[in-house]
Amino acid sequence: MATAAALLFVPTAMALGILLLMSERVSRCVTQGECQPGLPGWMFEWSAGVGAAALLVALVAPASRVRRAALVTQVLAEAGALLVILSYA
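Residues numbered from 1 in each chain as written. Predicted model: local features only at pLDDT ≥ 70, side-chain atom pairs only at ≥ 80, totals over all residues. Heavy atoms only, no water.

Across the protein chain, the average pLDDT comes to 89, with 99% of residues at or above 70. By mean pLDDT, the top-scoring element of the protein chain is helix α4 (residues 64-86) (92), and the lowest-scoring one is helix α2 (residues 24-32) (84). (pLDDT = per-residue confidence, 0-100. Helix = DSSP H or I, 4+ residues; strand = E, 2+ residues; numbered from the N terminus.)

Right, here's the structure in full:
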């Protein structure tokens, strides 16, 4: 399950990026340089890092309770990273 969540993160982020390019604010940013920042970029980096660490724990942890907690942490961290992407809309 953790691997599936990690593999689905990349296409989801790409789909969100394409959807954001359809918005007026982001297209104006790309074409005219009138960019307004969303959430800080460090939040994306932090969320992606926590998600990657939780993926590793979910894959190698011996106890099923630890694996479940790592999976929940991974999914929440990935959701946070996607929220950062959406904040630019």
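Structure's up, so let's keep going.
The topology assignment puts Glu78 in helix α4. Once you skip the residues sitting within four places of it in the chain, Glu78 turns out to touch Ala5, Ala6 and Phe9. (Contact = heavy atoms within 4.5 Å.)

Relative to the helices and strands, Ala48 is located in helix α3 (residues 41-60). The partly exposed category is assigned to Ala48, whose relative accessible area is 32%. Taking C-alpha positions, Ala48 is 6.6 Å from Ala77, a pair spaced 29 residues apart along the chain. (Buried < 20%, exposed > 50% of the residue type's maximum accessible area, 1.4 Å probe, protein only.)

Before going further, it helps to examine the side chain of Ser47. For Ser47, the position within the fold is in helix α3. For Ser47, the contacting residues outside a window of four places in its chain are Ala77, Gly80 and Ala81.

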